[in-house]
Amino acid sequence: MQPKVMMKKKNISASKASLILFLCQIVSALDVPLDSKLLEELLQPPTITQQSPKDYIVDPRENIVIQCEAKGKPPPSFSWTRNGTHFDIDKDALVTMKPNSGTLVINIMNGGKAEAYEGVYQCTARNERGAAISNNIVIRPSRSPLWTKEKLEPNQVREGDSLVLHCRPPVGLPPPIIFWMDNAFQRLPQSERVSQGLNGDLYFSNVQPEDTREDYICYARFNHTQTIQQKQPISVKVFSTKPVTERQPVLLTPTGSTSTKVELRGNVLLLECIAAGLPTPVIRWIKEGGELPANRTFFENFKKTLKIIDVSEADSGNYKCIARNTLGSAHHVISVTVKAAPYWITAPRNLVLSPGEDGMLICRANGNPKPDISWLANGVPIAIAPEDPSRKVDGDTIIFSHVQERSSAVYQCNASNEYGYLLANAFVNVLAEPPRILTPANKLYQVIADSPALLDCAYFGSPKPEIEWFKGVKGSILRGNEYVFHDNGTLEIPVAQKDSTGTYTCVARNELGKIQNEVQLEVKDPTMIIKQPEYKVIQRYGQVSFECIIKHDSTLLPTVIWLKDNDELPDDERFLVGKDNLTIMNVTDKDDGTYTCIVNTTLDSVSASAVLTVVAAPPTPAIIYARPNPPFDLELTGQLERSVELSWVPGDENNSPITNFVIEFEDGLHEPGVWHYQTEVPGTQTTVQLKLSPYVSYSFRVIAVNEIGRSQPSEPSEQYLTKSANPDENPSNVQGIGSEPDNLVITWESLRGFQSNGPGLQYKVSWRQKDVDDEWTSVIVANVSKYIVSGTPTFVPYEIKVQALNDLGYAPEPLEVIGHSGEDLPMVAPGNVQVHVINSTLAKVHWDPVPLKTVRGHLQGYKVYYWKVQSLSRRSRRHVEKKILTFRGNKTFGMLPGLEPYSSYKLNVRVVNGKGEGPASPDKVFKTPEGVPSSPSFLKITNPTLDSLTLEWGSPTHPNGVLTSYILKFQPINNTHELGPLVEIRIPANESSLILKNLNYSTRYKFYFNAQTSVGSGSQITEEAVTIMDEVQPLYPRIRNVTTAAAETYANISWEYEGPDHVNFYVEYGVAGSKEDWKKEIVNGSRSFFVLKGLTPGTAYKVRVGAEGLSQGPGVRSSEDVFETGPAMASRQVDIATQGWFIGLMCAVALLILILLIVCFIRRNKGGKYPVKEKEDAHADPEIQPMKEDDGTFGEYSDAEDHKPLKKGSRTPSDRTVKKEDSDDSLVDYGEGVNGQFNEDGSFIGQYSGKKEKEPAEGNESSEAPSPVNAMNSFV
């Protein structure tokens, strides 16, 4: 019992006594021990133990349960009020009260309406000692109203402006949770730029073109009724203006410069600031005149929301949010006031008093504003309750004086302000009870000599009994300093001695009676260590022993524990624990440390320690070490269903201690001859308990291991066949992947033989569609690893599980995995395809992603098909060379590299899943601007005279625009190769030759020639020529007209040579602009051409040709020429089956065969013969030759477009195979392959590949209308 202070009676007035009680807060009361038997016997006023919350929102579709539970002696009866008046439940057939309880059940599911039972309910629990009341329980059914219909106009917004999409959800009870999604039920991504406010509106700090969409949908989720309401989709169209104007921040919410916010103590404070601006503003929060509270402050919604949890009055103040970007800032100040609903400082506590005693109930609460305190007695305001002369109300305190049994009652304290209320029940229970001793009779206490002894005497009585202690049956009352008497009745002997042993009697008495109880005390001898462990120094590999000899009381059972460095001994067979000692065998350096002996009994514990130091052993002669010999004499004992004990005899360790043994097993039933690892044990251990699996024929062998290596395996043990059992495990790696749009292929890794645990291994395959309330479908299959489910919807998730079973039963319930049925081709094409031409060779394409539900598979990315339609400068069509780029994931843009300047292109976009490509978007036409031209195709210098030269040239192969002119520059070269003054001439673009006059005779000139467009000058071509000395053409060696035809990795060099025969030509080349030495290639024979191989694509090279072996003078060299290799192109892929000419040819052949068959049939019916060859010879068609008689094949067929004959034997093979270079497009060959990759931003980082066709592939898309799939199984 807890000590209590009893008030002594004094001859003073009642008012002074009350004042003393109030000032000193002395409560004279009894503590009732928590003894279940005692509590069952004592009378007690009611106490509310369980009740429904004050604000109770119920589901209108389910029964309403209003809880009210109470305890008391005798058990209380219950009644209810509704809206302040008595609620007669007997008059309402839908309302029942649970037996022995006050809980109400309103049967809504049998025709009742929850709205009819809205109101304020209060429960009263009453017995003869008083009445306790519950809180006011406000019952309100939850509501999830529909969205009001409204006409939503499309939002047209200029790029960079701010935008607010209002949600305005219906008012529900409780308020709904708001979130924004699209038509595909995917949450709209949010960021610092786009985010949802606390009111549910969607805020755009600035809009971007990618914000254009027609499916901004606000959803309201009412959790109480598990319903979701959807607002009509909102359309947003962003139009661009160039340039986009940047803006400094402006606050979208809250408006103005200041606002106020009131929050209650203990709640979560949420402050919000969302700003418009371009660039997107960044939000920062500060508290004026203070710091934000540490550990309670959090930032949410990209720092737009300040969250402070568990607020208190100290959190009141001004909070400033600052929105800032590069152009400026804006701020808003929110003045926060923290109010407080009432909260307890001191709640009233139950009083148990004896007749004539005094006490008080204290009810203190705080709040902002300060709460009002009111009292009730048995549920009735105390002002109108029956009078009780023993009580006096003084504000928040009730003072009781000289109470009687009739003073028992339940008092209610109500503390309330405008933000709420607190209600507490506290009873005053006046009891008159004779003494009772709760400590069991003859309880035995045992202590060690010279330690304290505490003898209990738990008691109860009213008035509070007095306690006395005696030793022995007829002993005198115990008094003196050697004893301590506690207020709860306990007797303490501070220093118990052996003579303290004996019987002690506790006596409790009050004015209503007397009772006594005896307890026994035994004093034991202490435990001692009479021989302690001593400090030891031992050589490595030696043996050491520590002693620990103890003395203890004969009636106590000691236990000895050894520790090393205050931790358990190592799990090592070298440590041997004896009755009085610890022995360590074969000591190693790691055994160095402190060893402690601990002796425990039920009453005391002693310990002693000693240090072990390990030193090196003296030098020993060299020893030959080898692997250990194999163990032998293997024996199996203790055979059980799941375990067996294996023992063996170690072989010779060959001077290197055995560190461990490896045990292996063979399954002679399932895998004979294959040995598996089982376990390993330390080298000091020669027996091991092995865990076994059912239905396995075991043989074991042992391998010894030392530092040198592993021994040979031992001879196998005898065989042991374990009994069959249910499988212990299920198949692993369970997967569900559809191979067709209407199936689900379930695969798994089968159990190994010894995992089957018995004969007849099978599998139970179960599946059901995820997020659909379907039952499991199951099938039992043989010992296979695959099962195909047919007739499934296309690409839907399935829950899958595979359970093993055998002839004895099933394995444990397997885990569920998620798989998907088969994919089908995507249903729709990407929309809103836009092309932005960046320069003459690069463009950027944008598109809108397709809804995920139309992908009908795992989204792999998007393919962009693009091809050149025609050159704008030549206005001539050519074979279409299609290029394909693939962009992984849900990207919505990409870069198109390697375009030709001044050309017209088309492109379309297709979505790709695991099944293939979806339909193409409509072709988008775009044009590239002009670029600089390539070099003139050739430059020839002819007809040299004394003072003139004739120049002829060809237009550039790639004009890349409209040619405006040619630029000719030339200068003389002397014998030392020094250059003279440079002369420049501009030539009209329509000229192709020029005669240069007034030149110096017998002079070498170097010419530089290039073409121009409006964009600039192209690369130049160079040549050298010499005017003659007189009219007779001299014979001198020279190399001129060096021309180059370059491809990706090679170039064809040709030249003209004038001079003596029998010379050796060579070609020198290098990277243009590089200072590296020229590379030299020898030309075989007297050829005037050479192929340079191994060049780098897209690189400019310089080249010149030389001749050696002249009979007179040194060799000669041509002038330097510059060329550029083409960009890297991936292998062209042509699907011959989709080519127009091939389809036309096949149709013509089929039609011709059909006509021949019809004619032959008619002729045969007439009995005549049809001379095919004569008819064909008579009416020969120059385009179609007759079939050859020898092999039945057609003759040559001329294509009207390109007049290229299709030779015999050149047709597509009959097995419809196509060479790799003509195969269908693949993702590997394009944007995602080795030759074509893109960065995350869509920039091109590799080469691209093309697909060559005669005409653009059009009309191949399926015209079948896809069936829409509208499914929303769950929201996250």
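Further up the page is the structure itself.
Residues numbered from 1 in each chain as written. Predicted model: local features only at pLDDT ≥ 70, side-chain atom pairs only at ≥ 80, totals over all residues. Heavy atoms only, no water.

Draft legend 1. View of the pattern of salt bridges. Tallying each qualifying case throughout the model produces 43 salt bridges. A salt bridge links Glu 150 to Lys 231, with the shortest nitrogen-to-oxygen separation between them at 2.3 Å. With Glu 150 in the loop between strand S11 (137-141) and strand S12 (155-158) and Lys 231 in the loop between strand S18 (227-230) and strand S19 (234-239), this residue pair connects regions lying 81 residues apart in the sequence. The exposure class of Glu 150 is partly exposed, given its relative accessible area of 28%. (Salt bridge = Lys/Arg side-chain N within 4 Å of Asp/Glu carboxyl O. Helix = DSSP H or I, 4+ residues; strand = E, 2+ residues; numbered from the N terminus. Buried < 20%, exposed > 50% of the residue type's maximum accessible area, 1.4 Å probe, protein only.)

Draft legend 2. Fine view of the packing of aromatic side chains. Taken as a whole and judged by the stated rule, the model has 23 aromatic pairs. Centroid distance Phe 87 to Tyr 121: 5.8 Å. Interplanar angle 75°. Geometry classified as edge-to-face. Taken together, the positions of Phe 87 in the loop between strand S6 (85-86) and strand S7 (95-97) and Tyr 121 in strand S9 (residues 119-127) put the pair 34 residues apart, joining distant regions of the chain. Here Phe 87 matches Tyr 121 in class, with each residue buried. Between the aromatic rings of Trp 847 and Phe 887, the centroid separation amounts to 6.0 Å while the plane-to-plane angle is 45°, which identifies the pairing as tilted. (Phe/Tyr/Trp six-rings, centres within 6.5 Å; stacked < 30°, edge-to-face > 60°.)

Draft legend 3. Local environment of the sheet that holds strand S49 (residues 544-547). With respect to topology, three strands assemble into an open sheet ordered S49-S54-S53, the strand pairing being antiparallel. Either end of the sheet is taken by a strand with one partner, and the two such strands are S49 and strand S53 (575-577). Looking at each pair of strands side by side, their axes are set apart by 15° on average, direction ignored. With three bridges joining them, S53 and strand S54 (residues 581-584) adopt antiparallel strand pairing. Residue pairing for S54: Leu 576 is matched across the bridge by Thr 583. (Pairing = 2+ DSSP bridges. Axes fitted to C-alpha atoms, helices over the stretch in contact; angles between N-to-C directions.)

Draft legend 4. Fine view of unusual backbone geometry. Residues Lys 242 and Pro 243 are joined by a peptide bond in cis, for which omega reads -5°. Position of Pro 243 relative to the elements: it lies in the loop between S19 and strand S20 (247-253). The step from Ser 462 to Pro 463 runs through a cis peptide bond, and the omega angle for that step is 5°. Mapped onto the fold, Pro 463 is located in the loop between strand S41 (459-462) and strand S42 (466-471). Positive phi, normally seen in glycine, also occurs at Asn 757, with a value near 65°. Here Asn 757 lies in the loop between strand S65 (743-749) and strand S66 (762-769).

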